[in-house]
Amino acid sequence: MRSMGLFNIAALVASIMVLAIAAVLVPDKSWSNAAITSCVIFALSVGFVFYAPSVVAKKQGDNNAAQMASLGPLGVITGWTLLLTAGAFVLAILGMDKLAWSLDIFAIGSFIISGLMLRAATDVIGNVAAQYSAPSKHVGWQGEIQGLRSIASDTKSKASLEQLAEKLRYAASDVPGGSPQDNSIASEVQGISEQLNVDSAANVQSQISKIEMLIAQRDVFLRSARNKA
């Protein structure tokens, strides 16, 4: 967070520096409304070069995929805006006010449009990355079954739960949207948990068999979904 504050300070200093240099170098007679406006916009675009990293960090948080994907387009947007605003300032100094105003309007408009498109793109990337980085459901079920195995006192149930946990270990990983079997598997695991918590010697073989069947169906569905993608 402290480094982001330093970037913001650097952006402010860069903008003020540009304004100060322009005030020193540009003759008084060359200043006009177009020149003043163009100079301010150019100074802001220079400041944005240093402010951009903090913008990316704030918008995307810890989403590294979205941050990395936004660096290239953001560099292009920043460079393009710098060229346009610098050109507008030069035109204004040369007395071509109409061209300067037009270039300023084009620079601001293209910057806003590009920024909105980049934001939309990084949101999509961030959502996809979040979906794929989340642990697969089968990992959670495996942990639950391993915990239930330690509760079960019946030898046969213990062995079956151990085999089920091993099958879950090698089950297919999730795809976005999950599978139709997910809720049924979660429900059956919850049912086993309730039974064993009431009676550790309960016979849960039927639920285990059903879960194994659902896992097989889930694997087929997920592999088919990946092949279609």
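Keep in mind the model is a prediction, meaning the values are calculated, not measured. (Residues numbered from 1 in each chain as written. Predicted model: local features only at pLDDT ≥ 70, side-chain atom pairs only at ≥ 80, totals over all residues. Heavy atoms only, no water.)

Caption draft 1: Focus on the environment of R169. Following the sequence through the fold, R169 ends up in helix 6 (residues 155–169). As for R169 and Q142, which are separated by 27 residues in sequence, their C-alpha atoms are 6.3 Å apart. With residues up to four places along the chain from it excluded, the contact list for R169 reads H138 and Q142. (Helix = DSSP H or I, 4+ residues; strand = E, 2+ residues; numbered from the N terminus. Contact = heavy atoms within 4.5 Å.)

Caption draft 2: Broad picture of the pattern of salt bridges. Tallying each qualifying case throughout the model produces 6 salt bridges. Residue R149 is joined to E162 by a salt bridge in which the shortest nitrogen-to-oxygen separation is 3.5 Å. Placement of the pair is R149 in helix 5 (residues 137–151) and E162 in helix 6, with a sequence separation of 13 residues. By relative accessible area, which is 45% here, E162 ends up partly exposed. (Salt bridge = Lys/Arg side-chain N within 4 Å of Asp/Glu carboxyl O. Buried < 20%, exposed > 50% of the residue type's maximum accessible area, 1.4 Å probe, protein only.)

Caption draft 3: Spotlight on the packing of aromatic side chains. Tallied over the full model, the rule gives 4 aromatic pairs. Centre to centre, the rings of W31 and F89 are 6.3 Å apart; their planes meet at 35°, and the pair counts as tilted. Of the two residues, W31 sits in the loop between helix 1 (2–25) and helix 2 (33–60) while F89 sits in helix 3 (residues 64–93), which places them 58 residues apart along the sequence. Ring centres 6.5 Å apart and planes at 80° place the aromatic pair W80 and F106 in the edge-to-face group. Separated by 26 residues along the polypeptide, W80 in helix 3 and F106 in helix 4 (residues 97–133) bring together distant segments of the chain. An aromatic cluster of at least three residues, connected via ring pairs, comprises W31, F42 and F89. (Phe/Tyr/Trp six-rings, centres within 6.5 Å; stacked < 30°, edge-to-face > 60°.)

Caption draft 4: Structural context of the packing of helix 5 against helix 6. The contact between helix 5 and helix 6 brings their axes to 9 Å, and the two run at 165°. Classified by the interaxial angle, the pair formed by helix 5 and helix 6 is roughly antiparallel. Two packed elements cross with a definite hand, and for helix 5 against helix 6 that hand is left-handed. Contacts between helix 5 and helix 6 involve H138, W141, Q142, I145, Q146, L148, R149 and S150 from the first element and K158, L161, E162, L164, A165, L168 and R169 from the second. Among the residues making up the contact of helix 5 with helix 6, the classes are represented as 7 nonpolar, 4 polar and 4 charged. (Axes fitted to C-alpha atoms, helices over the stretch in contact; angles between N-to-C directions. Parallel < 35°, antiparallel > 145°, perpendicular 65-115°, else oblique. Left-handed = near helix turned anticlockwise from the far one by under 90°. Nonpolar A, V, L, I, M, F, W, Y, C, P; charged D, E, K, R; others polar.)

Caption draft 5: A look at the side chain of S160. Assignment of secondary structure puts S160 in helix 6. Apart from residues no more than four positions distant in its own chain, S160 is found in contact with Q205 and I208.

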